[in-house]
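Per-entry structural report
Below are the chains, spelled out letter by letter.
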Amino acid sequence: MDTGWTSPAAQVIRDNFEMIRSFQDGDPLYVLSPEQSRDIVKRHPQFIGKDPVLIVRDMHRSGPRDGGEYHGFHLNLGLIQKPVRALHALQEFLRFLNLHHDSPNIERDIKDRLHKDGFIGTIEVIREGAKDAMGA
């Protein structure tokens with residue numbers, strides 16, 4: 001999700017898009033237009049100033065869905081102003097996704113691992129209604 005503002009992190013994503021796709025592992029990948037991104041930000045102002053944002057929806061979580069909600073998390077790359085740091089965060093994010101792809105509860109894995117490693121505020125666990133968060 002990127003509302004179209006230019007940032008060092010947005011350039012890092014563009015420069016490394018093929019790397020992102022290579023870690024996709026057959027999962028769907030959606031690239032939102034700036035207009036679609038702005039619509040989400042209007043409904044979810046907590047994203048203001050944090051884009052580009054990579055949103056991951058956990059499709060494999062076992063157990064009840066808590067009233068139809070989905071589980072997942074997002075990486076707020078727009079909070080990182082230095083390109084080298086944004087690239088490092090992106091690489092760590094993709095490495096984590098790769099290692100925990102089949103986890104029964106990736107949210108717990110995030111809380112246990114990434115928050116301890118200094119990603120607080122950059123990685124946020126989300127539990128939103130699917131229609132609200134994804135603009136469906």
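What comes next is a walk through the structure. Because the structure is predicted, anything quoted here is derived from the model rather than measured.

1. Looking at the packing of aromatic side chains
Two aromatic rings, taken as a pair, are described by how far apart their centres are and by the angle between their planes. Throughout the structure, instances matching the rule amount to one aromatic pair. Taking 5.7 Å as the distance between ring centres and 75° as the angle between the ring planes, the aromatic pair formed by F73 and F93 counts as edge-to-face. Of this pair, F73 sits in strand β2 (residues 71-76) while F93 sits in helix α4 (residues 83-99); the two residues are 20 residues apart in sequence, bridging distant segments of the chain. Residue classification places F73 among the buried positions, given a relative accessible area of 0%. Its relative accessible area of 3% is what places F93 among the buried residues.

2. Looking at helix α1 (residues 8-15)
Buried within α1 we find A9, A10, V12 and I13. Projected onto a plane normal to the axis of α1, the buried residues spread over an arc of 155° and lie on a single side. Opposite the buried face of α1, by more than 90 degrees, sit the exposed residues R14 and D15. Close packing links the buried residues of α1 with α2 (17-22), β1 (53-58) and α4.

Rules and cut-offs
Residues numbered from 1 in each chain as written. Predicted model: local features only at pLDDT ≥ 70, side-chain atom pairs only at ≥ 80, totals over all residues. Heavy atoms only, no water. Phe/Tyr/Trp six-rings, centres within 6.5 Å; stacked < 30°, edge-to-face > 60°. Helix = DSSP H or I, 4+ residues; strand = E, 2+ residues; numbered from the N terminus. Buried < 20%, exposed > 50% of the residue type's maximum accessible area, 1.4 Å probe, protein only. Arc of directions from axis to C-beta. Contact = heavy atoms within 4.5 Å.

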